[in-house]
Amino acid sequence: MFEAILSLAFAHMPAQRACIGLCQEGNDSVVIKLARSTNPRDTEEFVISNTITSEAIRDRSGVIYLNSNSDAPPSQSIANLSLTSIMCAPLCVDGEVLGVIYLDTRDVKAPFKPTHMKVLSALAALSAVALRQASLREEVQREQRIRDRLSRYSSPHVVDRLVDGNEDDGGSGMYSEE
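Residues numbered from 1 in each chain as written. Predicted model: local features only at pLDDT ≥ 70, side-chain atom pairs only at ≥ 80, totals over all residues. Heavy atoms only, no water.

Student: For this particular structure, what's the right way to read the packing of aromatic side chains?
Tutor: The description of an aromatic ring pair uses the distance of the two centres, along with the angle that the planes make with each other. For the structure shown, the criterion picks out zero aromatic pairs. Cation over ring: Arg17 sits above Phe46, and NZ or CZ is 4.2 Å from the ring centre. (Phe/Tyr/Trp six-rings, centres within 6.5 Å; stacked < 30°, edge-to-face > 60°. Lys NZ or Arg CZ within 6 Å of the ring centre and 35° of its normal.)

Set out below in structure tokens:
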């Protein structure tokens, strides 16, 4: 899924580098799950600006710097990479930020425009829903595997109680005596 998202980003925006990062629980740091560059010789470690990703996560909205040399916040990673334009949009669903899509370019002749930010924001919104659905689908499949294993040895009623975590035994008087 991450590959498809980045392919769409490269197809519709003049990015030279792009990545998808997922949020770590409990803080604003991002773990890059997939990174791509249009330059095949670009073998350097993929570095992104924590300042910009944190801003997108904190504000729950897209961030764009059209001229990163003058309007971006001071950042060593931006200065080291000689970036011209930067965009970052949160993967936000139901008020929860799952991660970010981050794009940048060094190309002075093809900087990002506000319309690109609209496209990236829409892509991020749709991607967040897809990520949430994939997560829920995995959870349902995991629960089904557990149910299948338990049903080999127990009745469906007992399996339901075990999997659902239902502490109430429905008045059947099933208590262990010590």
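Student: Help me understand unusual backbone geometry, please; the structure alone is not making it clear to me.
Tutor: Glycine aside, the phi torsion of most residues is negative, and most peptide linkages are trans. Its identity is not glycine, yet Arg60 carries a phi of approximately 55°, on the positive side. Locating Arg60 in the fold gives a position in the loop between helix H2 (50-59) and strand S3 (63-65). For Asp94, which is not glycine, the phi torsion reads 55° and is therefore positive. Tracing the chain through its elements places Asp94 in the loop between strand S4 (85-93) and strand S5 (96-105). (Helix = DSSP H or I, 4+ residues; strand = E, 2+ residues; numbered from the N terminus.)

Student: Would you take a moment to explain helix H1 (residues 2-12) for this structure?
Tutor: In an α-helix, one full turn covers 3.6 residues, which means residues spaced three or four apart are oriented alike. The complete set of buried residues in H1 reads Ile5, Leu6 and Ala9. Down the axis of H1, the smallest arc covering the buried residues is 90°, so these residues share one side. Turned more than 90 degrees away from the buried face of H1 sit Ala11 and His12, all of them exposed. Packed against the buried residues of H1 are strand S1 (17-23), strand S2 (30-37), S5 and helix H4 (114-151). (Buried < 20%, exposed > 50% of the residue type's maximum accessible area, 1.4 Å probe, protein only. Arc of directions from axis to C-beta. Contact = heavy atoms within 4.5 Å.)

Student: Is there a simple way to think about the side chain of Ser49 in this case?
Tutor: Mapped onto the fold, Ser49 is located in the loop between S2 and H2. For Ser49, a relative accessible area of 1% gives the class buried. Polar side-chain contacts of Ser49 include one of 3.3 Å to the backbone nitrogen of Ile52. (Polar contact = N/O pair within 3.5 Å; in protein donor to acceptor, adjacent residues only side chain to side chain.)

Student: When you look at the confidence of the model for the chain in this model, what are you seeing that I'm missing?
Tutor: Should pLDDT be low for a region, the predicted coordinates there are not to be read in detail. This prediction gives the chain a mean pLDDT of 81; 81% of its residues lie at or above 70. Across residues 171-178 the pLDDT falls below 50, and counting only partners more than four positions away or on other chains, this stretch makes three contacts in the model. (pLDDT = per-residue confidence, 0-100.)

Student: What is the right way to read the nonpolar core from this model?
Tutor: One recurring pattern in soluble globular proteins: nonpolar side chains tend to sit buried together. Core analysis: the largest hydrophobic core is formed by 22 residues, its most contacted members being Met13, Met87, Leu91, Ile101, Leu103 and Leu120. Secondary structure elements with two or more residues in this core: H1, S1, S4, S5 and H4. Among the elements that line this core, the one with the most residues is H4, at six residues. In this view, Leu120 contacts Met13, Met87, Cys88, Ala89, Ile101 and Leu103; residues no more than four positions away in its chain are not counted. Ala56, Val63, Val97 and Val100 belong to the second-largest nonpolar core, a separate cluster that totals 16 residues. (Core = buried A, V, L, I, M, F, W, Y, C linked by side-chain atoms within 4.5 Å.)

Student: So what exactly am I meant to see when it comes to the sheet that holds S3 here?
Tutor: Adjacent strands of a sheet pair through backbone hydrogen bonds, lying either parallel or antiparallel. What the five strands build is an open sheet, ordered S2-S1-S5-S4-S3; its pairing is antiparallel. Edge positions in the sheet fall to S2 and S3, since each has one partner strand and no second. Across the sheet, the mean angle from the axis of one strand to that of its neighbour is 15°, orientation sign disregarded. The sheet contact formed by S1 and S2 spans seven bridges and is antiparallel. Residue Ile20 lies in a different strand from S2, and its bridge partner there is Leu34. Packed onto the sheet, H1 meets S1, S2 and S5 and runs at close to 55° relative to S2. (Pairing = 2+ DSSP bridges. Axes fitted to C-alpha atoms, helices over the stretch in contact; angles between N-to-C directions.)

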